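The residues making up each chain are set out below.
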Amino acid sequence: MAKVLIVYYSRTGNTESMAKAIAKALTEENLDVGCKKVEDVGSDELLEVDGLIIGSPTYYGTMAAEIKKFLDDSVKHHGKLDGKVGAAFASAASTGQETTIFSILEALLIHGMIVQGDPKGHHYGVTSTGKPSEQVLERCRRFGQRFATLVKQITSK
Ligand SMILES: Cc1cc2nc3c(=O)[nH]c(=O)nc-3n(C[C@H](O)[C@H](O)[C@H](O)COP(=O)(O)O)c2cc1C
């Protein structure tokens, strides 16, 4: 069974709600899913998964420092995450979600990870403004389903 890890930081619960909705969608797609706060994840866990999804609140237009530290610590495994599937999601009070997503995707791409856009949903990764609405949670579901499909394709080769 393909293994996916969702790593997120959340102070007031918005990013966490998104992480849980994405985790539910991935579980329903029969993947082995871990959904963890960034403070509870060690970078060695990245070696064990086929897919990695990272979520962050928007802090001044970019990822939270806690997520940045996690990514910086992942340099320990530079070169070993090549070919795994990656994705990012973000919340904000008003704007900046997409620059936050891109700040995370930059690191995932440098690791050699495979990132899929979405021609119909949120193009770069799912986003929320404030508390995730039912519509956003539905978008999280779509995001998780698409990620699961890609992980299955990659791991079946
Ligand atoms: C230090 C800090 C910086 C923030 N910067 C932004 C920002 O640039 N744009 C914005 O829309 N919201 C900003 N916010 C609001 C958060 O991104 C927003 O409340 C988010 O949904 C919080 O996610 P959480 O509930 O998962 O902690 C900021 C909040 C903090 C604490």
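Refer to the structure presented above.
Residues numbered from 1 in each chain as written. Predicted model: local features only at pLDDT ≥ 70, side-chain atom pairs only at ≥ 80, totals over all residues. Heavy atoms only, no water.

Trainee: Would you explain the site of the ligand in this entry?
Mentor: Every one of the 16 residues lining the ligand counts as a neighbour, but S10, T12, T15, T58 and S94 are closest to it. The separation between an oxygen atom of the ligand and a polar main-chain atom of G13 is 3.1 Å. The contact in question runs from an oxygen atom of the ligand to an N or O atom on the backbone of T58, over 2.6 Å. Burial of the ligand by the surrounding chains reaches 76%, relative to a free accessible area of 640 Å². If you list the elements that add at least two residues to the shell around the ligand, you get helix 1 (14-28) and strand 4 (85-92). Split into classes, the residues belonging to the shell around the ligand amount to 5 nonpolar, 10 polar and 1 charged. (Near = heavy atom within 4 Å. Polar contact = N/O pair within 3.5 Å; in protein donor to acceptor, adjacent residues only side chain to side chain. Areas by Shrake-Rupley, 256 points an atom, 1.4 Å probe, with all protein chains shown as cover. Helix = DSSP H or I, 4+ residues; strand = E, 2+ residues; numbered from the N terminus. Nonpolar A, V, L, I, M, F, W, Y, C, P; charged D, E, K, R; others polar.)

Trainee: Explain the pattern of salt bridges here, please?
Mentor: Oppositely charged side chains can pair when the atoms bearing their charge come close. Applying the stated criterion across every chain, the model contains 10 salt bridges. Close ionic contact of D72 with K68 constitutes a salt bridge, the shortest N to O distance being 2.9 Å. Here the residue D72 and the residue K68 both occupy positions in helix 2 (residues 65-73), the gap between them amounting to 4 residues, near one helical turn. What makes K68 partly exposed here is its relative accessible area of 40%. K69 is paired through a salt bridge with D73; the nearest N and O atoms lie 2.8 Å apart. Of this pair, K69 and D73 both sit in helix 2, 4 residues apart, roughly one helical turn. If you follow the salt bridges from partner to partner, you end up with D118, R142 and R146 in one network. (Salt bridge = Lys/Arg side-chain N within 4 Å of Asp/Glu carboxyl O. Buried < 20%, exposed > 50% of the residue type's maximum accessible area, 1.4 Å probe, protein only.)

Trainee: Explain helix 2 to me, please; I cannot follow it from the model alone.
Mentor: A turn of α-helix holds 3.6 residues, and therefore any two residues three or four places apart point the same way. Listing the buried residues of helix 2 in full gives I67, F70 and L71. Relative to the axis of helix 2, the buried residues are bounded by an arc of 95 degrees and lie together on one face. In helix 2, those exposed residues whose orientation departs by more than 90 degrees from the buried face are A65 and K69. For helix 2, the secondary structure elements touched by its buried residues are strand 1 (3-8), strand 3 (51-57) and helix 3 (97-110). (Arc of directions from axis to C-beta. Contact = heavy atoms within 4.5 Å.)

Trainee: Before we go on, may I ask you to explain unusual backbone geometry in this structure?
Mentor: The bulk of non-glycine residues show a negative phi, and the bulk of peptide bonds are trans. One non-glycine residue with positive phi stands out, namely N30, at about 65 degrees. On the secondary structure map, N30 appears in the loop between helix 1 and strand 2 (32-37). Residue N30 is classed as exposed on the basis of its relative accessible area of 57%. We note that Y60 has phi near 50 degrees; this positive angle belongs to a residue other than glycine. Here Y60 shows up in the loop between strand 3 and helix 2. Y60 sits in the exposed class, given a relative accessible area of 88%.

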